[in-house]
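# Results of the structural survey
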Amino acid sequence: MEGYFGSYVLVAALLAIGVAIVAGAMMANRLLRPTRPTPDKLTTYECGVDPVGEGWAQSQVRYYVFTYLYVVFAVDAVFLFPWATIFDAPGYGLTTLVEMFVFLGFIALGILYAWRKRVLTWT
């Protein structure tokens, strides 16, 4: 496979093989699975509770805000681990320390903003 398009042909062939493997596995699953539909199996299932009433329900926005804040600060905390591993390396001391304090300052500003907007109070 020489030439300009040789590597593209190789990637396309590997992609086609991958798609064929996935499609074959799904087809084998469909052919080999037991199929015994009953009325109980065909009902809507939601966390073990029988469906009653409408499908629409209001939910509090504060739950989403807490989740969003958790995700933001958890992802930010992930950046602390590489910093902790390279902090001790020669030549990274003071510069890395200053950069981390700037990063932690941004996180602190986010927490302060959420606290000032009364997002962190549970009512």
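The structure presented is a predicted model; accordingly, all values stated were derived computationally and were not measured.

### Describing the overall build of the chain
Helices and strands together make up the secondary structure of the chain, namely five helices and zero strands. Start at the N end of the chain and walk to the C end: the helices and strands fall as α-α-α-α-α. Taken over the C-alpha trace, the chain has a radius of gyration of 26 Å; the compact-globule value for 123 residues is 14 Å, which it surpasses by more than 25%. The C-alpha extent of the chain, read off along each of the three principal axes, is 65 × 65 × 25 Å. The burial tally for the chain puts 6% of its 123 residues in the buried class. Contacts spanning at least 24 positions in sequence make up 52% of the contacts within the chain whose residues lie at least 6 apart.

### Regarding a nonpolar patch on the surface
A contiguous nonpolar surface patch, about 930 Å² in accessible area, is contributed by L94, V98, V102, F106, L109, I111, L112, W115 and L120. In this structure, L112 sits in helix α5 (residues 93–116).

### Structural notes on the environment of A74
One can find A74 in helix α3 (residues 61–78). For the pair formed by A74 and V11, sequence separation is 63 residues and the distance between their alpha carbons is 36 Å.

### Thoughts on the environment of A89
For A89, the position within the fold is in the loop between α4 (80–86) and α5. According to the relative accessible area criterion, A89 is partly exposed, its value standing at 25%. When the C-alpha positions of A89 and A20 are compared, they lie 47 Å apart, and in sequence the two are 69 residues distant.

What counts, and where the lines are drawn
Residues numbered from 1 in each chain as written. Predicted model: local features only at pLDDT ≥ 70, side-chain atom pairs only at ≥ 80, totals over all residues. Heavy atoms only, no water. Helix = DSSP H or I, 4+ residues; strand = E, 2+ residues; numbered from the N terminus. Rg over C-alpha atoms; globule rule 2.2 N^0.38 Å. Buried < 20%, exposed > 50% of the residue type's maximum accessible area, 1.4 Å probe, protein only. Contact = heavy atoms within 4.5 Å. Patch = residues over 30% accessible without salt bridge, like charges linked within 9 Å, V, L, I, M, F, W, Y side chains within 5 Å. Areas by Shrake-Rupley, 256 points an atom, 1.4 Å probe, with all protein chains shown as cover. Salt bridge = Lys/Arg side-chain N within 4 Å of Asp/Glu carboxyl O.

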